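Letter by letter, the chains look like this.
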Amino acid sequence: MKCNPYAWDALSDWGTLLANNGRESEAFAKWTAAVAVNPAASGPYNAWGNYLYERSEYRKAAELYRQAISRRPYDVTLHLNLANDLSAAGDIPAAQREYEETFKANPYEWGVLSDWGTLLANNHMESEAIAKWNAAAVLNPAASEPYTEWGKYLYQQHMYIKAAERYRQAISRHPHDAVLHSNLASALSAAGDFPGADHEYDEALKANPYAWGVLSDWGTLLANNGRETQAIVKWEAAAALNPAAWEPYNRWGNYLYENGDVKGSISKYRAAVARNPKDAVLRGNLKSAVEHVIGARTKGKK
């Protein structure tokens, strides 16, 4: 901080950068310094809370979000952060109160209603959730989010046809959103409408030709329907678009393993692990495949 020692926002951003790179104690020092420079700033507390939330330290995160709110009591985002944190911590009554108070203070914030609906749905209060999503859609008829959240809930309940209807409503409001088309493709695939799913994945890529995740998902759909050659083409294209991505290799490996080509799966799992070496699931997949091959060789020798 040689240029401007009073730039508290730079200190706060620096803290976030350090936290994202695993340098926790240094991050805390920067956020603390930012608060010392500007005691009225909410940003450092919010950033600190976000970091703790991502680490599932919900109670500590709530304390920091409250500190942020005390400095900016009318900031909707801060209240939503606290509500989501309380929900994750299992304190549903407190989360509900936070949503309610936030909406009272901001009665035109349809996003509060949409998030509130998701909280209710996740806690098996379906009719109340639907009421919130409907109210959000009334407040902002152009919003896709309430329909997207509603569709996700229905999908999780294995109500794929109904989920597809909600996703189509979302798409009608944002027709060029690749994620929305991908959501619809997943629902159609789960419902057994594979031509419809193919069409929606294609639409998703038209909306965003760089959406490597769409290609990876599409590859899995094709593989699950016995279209191996086409699936491999999609996974290879996904890996070419994002050479750092492990998902296409892991999915490719899973397909080979599940279809008896355990030896072939090893190279794909190794490629996935090379891109995300700290992921225990990826390392477990590789270990299982290697052990399977070694076991088969041992039996063969006997």
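Residues numbered from 1 in each chain as written. Predicted model: local features only at pLDDT ≥ 70, side-chain atom pairs only at ≥ 80, totals over all residues. Heavy atoms only, no water.

Caption draft 1: Region of interest: the overall build of the chain. Within the chain one finds 17 helices and zero strands. If you line up the chain on its principal axes, its C-alpha atoms span 70 × 50 × 35 Å. Counting the 302 residues in the chain, one finds 41% classified as buried. Of the contacts formed within the chain by residues at least 6 apart in sequence, a portion of 40% connects residues at least 24 apart. Accessible surface, the chain: about 16,200 Å² in total, of which carbon and sulfur atoms supply 52%. For the chain, the centre of its 32 positive side-chain charges and the centre of its 34 negative side-chain charges are spaced 9 Å apart. (Helix = DSSP H or I, 4+ residues; strand = E, 2+ residues; numbered from the N terminus. Buried < 20%, exposed > 50% of the residue type's maximum accessible area, 1.4 Å probe, protein only. Contact = heavy atoms within 4.5 Å. Areas by Shrake-Rupley, 256 points an atom, 1.4 Å probe, with all protein chains shown as cover. Lys, Arg positive; Asp, Glu negative; His and termini not counted. Charge placed at Lys NZ, Arg CZ, Asp CG, Glu CD.)

Caption draft 2: Highlighting unusual backbone geometry. Although it is not a glycine, Ser56 sits at a positive phi angle of roughly 65°. Phi at His158 takes a positive value of approximately 65°, unusual for a residue other than glycine. Along the chain, the position of His158 falls in the loop between helix 9 (145-156) and helix 10 (160-173).

Caption draft 3: Quick look at the packing of aromatic side chains. On inspection of all chains with the given rule, the structure shows 13 aromatic pairs. Summarising the aromatic geometry, the rings of Tyr201 and Trp218 are spaced 5.9 Å apart at their centres and angled 20° between planes, so their arrangement reads as stacked. Within this pair, whereas Tyr201 is found in helix 12 (residues 194-207), its partner Trp218 is found in helix 13 (residues 212-224), the two being separated by 17 residues in sequence. For Tyr201, a relative accessible area of 3% corresponds to the buried category. Residue classification places Trp218 among the buried positions, given a relative accessible area of 9%. Among the aromatic residues, those joined into a ring-pair cluster are Phe28, Trp31, Trp48 and Tyr51. The ring of Trp116 carries the charged tip of Lys132 above its face, separated from the ring centre by 3.9 Å. A cation over a ring is seen here: Arg166 above Trp150, with NZ or CZ 4.1 Å from the ring centre. (Phe/Tyr/Trp six-rings, centres within 6.5 Å; stacked < 30°, edge-to-face > 60°. Lys NZ or Arg CZ within 6 Å of the ring centre and 35° of its normal.)

Caption draft 4: Molecular detail of the side chain of His181. Mapped onto the elements of the fold, His181 is located in helix 11 (residues 178-190). A residue is classified by how much of its surface remains accessible, and His181, at 6% relative accessible area, is buried. For His181, the side chain forms a polar contact with the side chain of Glu200, separated by 2.7 Å. Setting aside chain neighbours within four positions, we find His181 in contact with Ile171, Pro175, Glu200, Glu203 and Ala204. (Polar contact = N/O pair within 3.5 Å; in protein donor to acceptor, adjacent residues only side chain to side chain.)

Caption draft 5: Quick look at the environment of Asn250. Looking at the secondary structure, you find Asn250 in helix 15 (residues 247-258). The spacing of Asn250 and Lys234 is 16 residues in sequence and 13 Å in space, taken between C-alpha atoms. Filtering out sequence-adjacent residues up to four positions away, Asn250 remains in contact with Tyr269, Ala272, Leu282 and Asn285.

Caption draft 6: Up close: helix 10. Compared with an ideal rise of 1.5 Å per residue, which puts 14 residues at 20 Å, helix 10 spans 20 Å between its outermost C-alpha atoms and is within 8% of the ideal. Within helix 10 the residues assigned to the buried category are Ala163, Ala164, Tyr167, Ala170 and Ile171. The buried residues of helix 10 all sit within an arc of 115° when viewed along its axis, so they share a single face. Exposed and oriented more than 90 degrees from the buried face of helix 10 are Ile161 and Ser172. Structurally, helix 10 contributes buried residues whose contacts are with helix 9, helix 11 and helix 12. (Expected span 1.5 Å × (residues − 1). Arc of directions from axis to C-beta.)

Caption draft 7: Local environment of the nonpolar core. Counting residues in hydrophobic clusters, the biggest one holds 69 residues, and the most contacted among them are Trp31, Tyr99 and Trp235. When residues no more than four places from it in sequence are discounted, the contact partners of Trp31 are Ser12, Gly15, Thr16, Ala19, Pro44, Ala47, Trp48 and Tyr51. In this structure, Val262, Tyr269, Ala289 and Val293 belong to the second largest nonpolar core, which totals 12 residues. (Core = buried A, V, L, I, M, F, W, Y, C linked by side-chain atoms within 4.5 Å.)

Caption draft 8: Fine view of the pattern of salt bridges. Under the defined criterion, the tally for this structure stands at 13 salt bridges. Asp202 is paired through a salt bridge with Lys206; the nearest N and O atoms lie 3.7 Å apart. Here Asp202 and its partner Lys206 are both found in helix 12, four residues apart, which amounts to about one turn of the helix. Residue class for Asp202 comes out partly exposed when judged on its relative accessible area of 32%. (Salt bridge = Lys/Arg side-chain N within 4 Å of Asp/Glu carboxyl O.)

Caption draft 9: Molecular detail of the packing of helix 11 against helix 12. At a minimum axis separation of 8 Å, helix 11 and helix 12 run at an interaxial angle of 170°. Here helix 12 runs roughly antiparallel to helix 11, going by the angle between their axes. Side by side, helix 11 and helix 12 meet where Ala178, His181, Ser182, Leu184, Ala185, Ser186, Leu188 and Ser189 of the first sit next to Phe194, Gly196, Ala197, Glu200, Tyr201, Glu203, Ala204 and Ala207 of the second. Partitioning the contact of helix 11 with helix 12 into residue classes produces nine nonpolar, five polar and two charged. (Axes fitted to C-alpha atoms, helices over the stretch in contact; angles between N-to-C directions. Parallel < 35°, antiparallel > 145°, perpendicular 65-115°, else oblique. Nonpolar A, V, L, I, M, F, W, Y, C, P; charged D, E, K, R; others polar.)

Just distances and angles here, no functional claims.
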